[in-house]
Amino acid sequence: MDQFCAYEATFITVKRVSAPVLRAKSAESFRRVQRDGVHGYVADLESRALCRDFLKVPLPPRVEAEAPSAGTVGSLGHPEFCHKPCLFALSRCPNGAACNFCHKDHGKLRKLSKQQRELLRQLGEAERLALILPLLRAKDLPEADGLLTRLETHLYSLTATPSAAPTWKILQLRRALGQLSFRRLLLLSETTAWALGELLELQAQVGAA
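Residues numbered from 1 in each chain as written. Predicted model: local features only at pLDDT ≥ 70, side-chain atom pairs only at ≥ 80, totals over all residues. Heavy atoms only, no water.

1. What to know about the nonpolar core
Quick note on the threshold: Only buried residues count toward a nonpolar core. Its members are Ala, Val, Leu, Ile, Met, Phe, Trp, Tyr and Cys residues joined through side-chain atoms within 4.5 Å. Remark: exposure states derive from per-residue accessible area (1.4 Å probe, protein chains only) relative to the maximum for the residue type, with buried under 20%, exposed over 50%, and partly exposed in between. Helix and strand assignments follow DSSP, with helices taken as H or I runs no shorter than four residues and strands as E runs no shorter than two, numbered in order from the N terminus. By definition in these notes, contact holds between two residues if any of their heavy atoms fall within 4.5 Å.
Counting residues in hydrophobic clusters, the biggest one holds 30 residues, and the most contacted among them are Leu112, Leu136, Leu151, Leu173, Leu177 and Phe182. Listed by contribution, the elements that provide at least two residues to this core are α3 (114-122), α4 (125-138), α5 (145-156), α6 (167-177), α7 (182-188) and α8 (193-208). At 7 residues, α4 tops the list of elements feeding residues into this core. Among residues more than four places away in sequence, those in contact with Phe182 are Glu80, Phe81, Leu136, Lys139, Leu141, Ala144, Leu147, Leu148 and Leu199.

2. Things to note about the packing of α3 against α6
The test is simple: As a rule, the C-alpha atoms of each element are fitted with a line to give its axis, helices using only the stretch in contact, and angles between N-to-C directions run from 0 to 180 degrees. Throughout this description, any angle smaller than 35 degrees is read as roughly parallel, any larger than 145 degrees as roughly antiparallel, any in the 65 to 115 degree range as roughly perpendicular, and the remainder as oblique. Amino acid classes used here: Ala, Val, Leu, Ile, Met, Phe, Trp, Tyr, Cys and Pro are nonpolar; Asp, Glu, Lys and Arg are charged; the rest, including Gly, are polar.
Close contact between α3 and α6 brings their axes to 10 Å; oriented N to C, the two are set at 110°. Classified by the angle between their axes, α3 and α6 sit roughly perpendicular to one another. Here Gln116, Leu119 and Leu120 of α3 lie close against α6, whose contacting residues are Lys169, Ile170, Gln172, Leu173 and Ala176. Residues of the contact of α3 with α6, tallied by class, amount to 5 nonpolar, 2 polar and 1 charged.

3. Some details on the UniProt feature "zinc finger region: C3H1-type" (unreviewed entry) in the protein chain
Worth spelling out the cut-off: UniProt positions are given in the numbering used here, feature names are shortened, and annotations may be inferred rather than shown by experiment.
Per the UniProt record, "zinc finger region: C3H1-type" (unreviewed entry) is found at residues 80-106. End C-alpha to end C-alpha, residues 80-106 measures 10 Å, and it is 0% helix and 0% strand.

4. Overview of the packing of aromatic side chains
The condition that has to hold: Between the rings of Phe, Tyr and Trp (Trp by its six-membered ring), a pair exists once the centres lie within 6.5 Å; its type follows the angle of the planes, with under 30 degrees stacked, over 60 edge-to-face, and the other angles tilted.
Taken as a whole and judged by the stated rule, the model has 1 aromatic pair. Judged by centre distance (5.2 Å) and plane angle (55°), the rings of Phe81 and Phe182 are tilted. In this pair, Phe81 sits in the loop between α2 (45-50) and α3 while Phe182 sits in helix α7, placing the two residues 101 residues apart along the sequence. On the basis of relative accessibility, which here comes to 2%, the residue Phe81 falls in the buried class. When its relative accessible area of 0% is taken as the criterion, Phe182 is described as buried.

5. Overview of the layout of surface pockets
Definition in use: Definitions used throughout: a 1 Å grid over protein atoms alone; a cavity as a set of points that fits a 1.4 Å probe which cannot get out; a pocket as an open set with protein on both sides within 12 Å along at least five of seven lines; a lining residue as one with an atom within 4 Å of a point. Grid points are joined across faces, edges and corners, and a volume is the space filled by probe spheres set on the points.
Roughly 980 Å³ of internal volume is contained in the largest pocket. His83, Lys84, Pro85, His106 and Leu109 are the residues nearest the centre of the largest pocket, which is lined by 39 residues in total. Among the elements that take part in the lining of the largest pocket, α7 stands out by supplying 4 residues, more than any other. When the residues that make up the lining of the largest pocket are grouped by side-chain class, the tally is 20 nonpolar, 8 polar and 11 charged.

Below, the structure is given as structure tokens:
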């Protein structure tokens, strides 16, 4: 309730009246305008969509993702004679079947630490072969018997030089080497070229089997 003053003759009279609501008769309610506008927009969607050309164009066929190929060049002889795992084997390798890396599962990849690699480089050829050959024999691969026999003959022809490394470090290195594949062990032994050539032949032989 609003109050205003009215002057009548010489007396001042205070009256309590309700303030009038001032609104133009031609103005519409905002809610009504908003409601009618939304309804009109929704009702007009179908007619506008029929005028569009994109409804007449068929949708492109759905392309299924290709499964990663496991029959690669680098996968021959898996798991003992194959190459290192491919970084793109789980997605889509750009080289496909011609990839020189393995596309099959290797589980948790085992590697030597920086200190173990440095220790292995400090060993002479005779010491490296004496350390790695028993691990290669423990793989129990009949197809590699000929290669291992020739490596043992080559080891007997070498002159061993004692290592200055502590025994516990050599034992730790041997445990780490025992978790590597046949191919990786042979490469770490840094043997002669003929041994690496026979490794490639073994890889192709086992992969074709």
